[in-house]
Amino acid sequence: MLQSTSLHVAIIMDGNGRWAARRSLPRAAGHRAGADAVRRVVEAAPDAGVAALTLFAFSSDNWKRPPGEVAALMRLFARYLRSETPRLLQNRVRLDVIGRRDRLPAPLVTAIRAAELATGAGTALRLRLAVDYSARAAIAAGETLPDVDLLIRTGGEQRLSDFLLWECAYAELYFTETMWPDFSAADLTDALRAFHSRQRRFGGLPEAAAG
Ligand code: IPE
Ligand code: IPE
Ligand code: MG
């Protein structure tokens, strides 16, 4: 599907905990399975016409979770960055992490810097991982991104949870019941198909009526 080749897709990757609970697994197992879904989607994105992909991995409100879960997530992020960097390089993905860094564990900050430095020349996909991210804080600090074309939220909830509030002013919203660890390349294609079937007007008139 290559109707447009410069889309900015953003994903609220929700449902890891419920995915695990349904399997009587610890929540951390859901987060690990979620990392596999990230790999699948990152690798499918360029061929699907996605030029920029912004993924919500940890919100500034997620610090409210139990310390054990937070620590497991921080370790998982560092491990993901270290283990994925070769694949990101191979796929010419440029990775950046957005959000606050001053509250992250030092080994994670080191892993972030290394991954950003290593992948800085990538041109196939601009991948942004949001960690300790709050859209309200980002707006207040003047740190905004390009407009989002399509916002996907997995896990069944229909809310933005302080993600890319500014950038989603005219985003098409796509909510799916699929839990994030189950999200596949085909699910991304389905979301993009829905996106391409919508008519974006940006406050104007449909093309046919605008003449
Ligand atoms: C999303 O999954 C991942 C993070 C917020 C870190 P959740 O952990 O929110 O999973 P649910 O919503 O409890 O199922
Ligand atoms: C939003 O999910 C944050 C991420 C997916 C990283 P949450 O699970 O934290 O959101 P709420 O609490 O349901 O709004
Ligand atoms: Mg959740």
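Since the model is a prediction, treat every value here as computed from it, not as a measurement.

Calculation rules
Residues numbered from 1 in each chain as written. Chains lettered and ligands numbered in written order. Predicted model: local features only at pLDDT ≥ 70, side-chain atom pairs only at ≥ 80, totals over all residues. Heavy atoms only, no water. Buried < 20%, exposed > 50% of the residue type's maximum accessible area, 1.4 Å probe, protein only. Helix = DSSP H or I, 4+ residues; strand = E, 2+ residues; numbered from the N terminus. Pairing = 2+ DSSP bridges. Salt bridge = Lys/Arg side-chain N within 4 Å of Asp/Glu carboxyl O.

*Asks:* Help me understand the pairing of strand E4 (residues 125-133) in this model?
*Replies:* Regular strands have side chains that alternate between both faces of the sheet. Buried residues dominate E4, accounting for eight of its nine residues. Here strand E2 (residues 50-59) runs beside E4; their pairing, made up of seven bridges, is parallel. Looking at the pairing, Ser 59 lines up with Tyr 133 of E4. Taken together, the six bridges between strand E3 (residues 93-98) and E4 define a ladder with parallel strand orientation. Counted as the bridge partner of Val 93 is Leu 125 from E4.

*Asks:* For this particular structure, what's the right way to read the pattern of salt bridges?
*Replies:* Oppositely charged side chains can form a pair if their charged atoms are brought close together. Within this structure, the stated rule accounts for 20 salt bridges. Close ionic contact of Asp 14 with Arg 153 constitutes a salt bridge, the shortest N to O distance being 2.9 Å. Taken together, the residues Asp 14 in the loop between strand E1 (7-12) and helix H1 (16-22) and Arg 153 in strand E5 (residues 150-153) connect sequence positions 139 residues apart. Arg 153 carries the same exposure label as Asp 14, and that label is buried. For Arg 100, the salt bridge identified is with Asp 102, shortest N-O distance 2.6 Å. The class for Asp 102 is exposed, based on a relative accessible area of 59%. Through salt bridges with shared partners, a single ionic network connects Asp 14, Arg 18, Arg 153, Glu 157 and Arg 159.

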